[in-house]
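# Overview (structure and organization)
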Amino acid sequence: MIKIIVACSRNRVIGKDGRLPWSILEDWEYFLEQTRSGTLIMGRRCHREMGKHLKERRVIALSRDPNLSFADARKASSLQEALAMARSDGGDIWICGGQAIYEEAMPLADRLYLTLIDADFEGDVFFPPWEDQFPDELSCHEIAVNGMPVTFHLLARQDS
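Residues numbered from 1 in each chain as written. Predicted model: local features only at pLDDT ≥ 70, side-chain atom pairs only at ≥ 80, totals over all residues. Heavy atoms only, no water.

This part is about the sheet that holds strand E5 (residues 74-76). Within a beta sheet, neighbouring strands are joined by backbone hydrogen bonds and run either parallel or antiparallel to one another. Strand order in the open sheet made by the eight strands is E5-E4-E3-E6-E1-E7-E10-E9, with mixed pairing throughout. For this open sheet the edge positions go to E5 and strand E9 (136-145), each flanked by a neighbour on one side alone. Along the sheet, successive strands turn relative to each other by an average axial angle of 20°, direction set aside. Note: strand E3 (residues 39-43) against strand E4 (residues 58-62), five bridges, orientation parallel. Each residue of the ladder has a partner; that of methionine 42, found in E4, is alanine 61. (Pairing = 2+ DSSP bridges. Helix = DSSP H or I, 4+ residues; strand = E, 2+ residues; numbered from the N terminus. Axes fitted to C-alpha atoms, helices over the stretch in contact; angles between N-to-C directions.)

So this is what it looks like as structure tokens:
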């Protein structure tokens with residue numbers, strides 16, 4: 001099963017200057033818990049930010065640069081190549097960002113694990129619209145972090 005996991009703000013921001021524009025421990029713990037099995041696929045910027053925390057995971061990092069390699073991750077030059085590698089691993093496939101990878105993976109994914117942060121943030125990386133592709137809510141859990149609502153949604157395609 002292909003699963004997308006993302007945290008985004010009300011205004012769809014997911015990154016700024018190569019980093020998350022927030023620090024929400026509960027979301028990081030949720031990410032680690034949900035993705036503990038399977039293979040994680042992410043772009044080079046995402047790997048740069050969180051790869052060091054994923055040493056015990058199967059990770060595939062994407063880059064078209066033939067001279068680039070990744071510590072603690074296999075490299076793929078396209079999402080299709082990464083998906084083929086992940087399928088050979090068995091288990092769930094987790095799409096972890098960034099924006100272009102989310103856009104390409106959206107029509108291929110079965111589930112969306114969306115952490116929605118009820119605030120607006122400045123950013124330069126955005127999550128694409130998901131509402132039409134993942135209309136079915138399977139679960140929803142809301143918490144407050146420093147008075148800010150954070151909602152963990154598990155969404156599915158209508159046909160899955």
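Next up on the list: the pattern of salt bridges. In total, this model carries nine salt bridges according to the counting rule given. Residue aspartate 118 pairs with arginine 10 through a salt bridge whose shortest N-O separation is 2.9 Å. With aspartate 118 in the loop between strand E7 (111-117) and strand E8 (125-126) and arginine 10 in the loop between strand E1 (2-9) and strand E2 (13-15), this pair connects stretches of sequence that are 108 residues apart. The class of aspartate 118 is partly exposed, set by a relative accessible area of 38%. Note that aspartate 89 and arginine 74 form a salt bridge whose closest N and O atoms lie 2.5 Å from each other. Remark: arginine 74 occurs in strand E5 and aspartate 89 occurs in helix H3 (residues 79-89); sequence separation between them is 15 residues. The class for aspartate 89 is partly exposed, based on a relative accessible area of 26%. (Salt bridge = Lys/Arg side-chain N within 4 Å of Asp/Glu carboxyl O. Buried < 20%, exposed > 50% of the residue type's maximum accessible area, 1.4 Å probe, protein only.)

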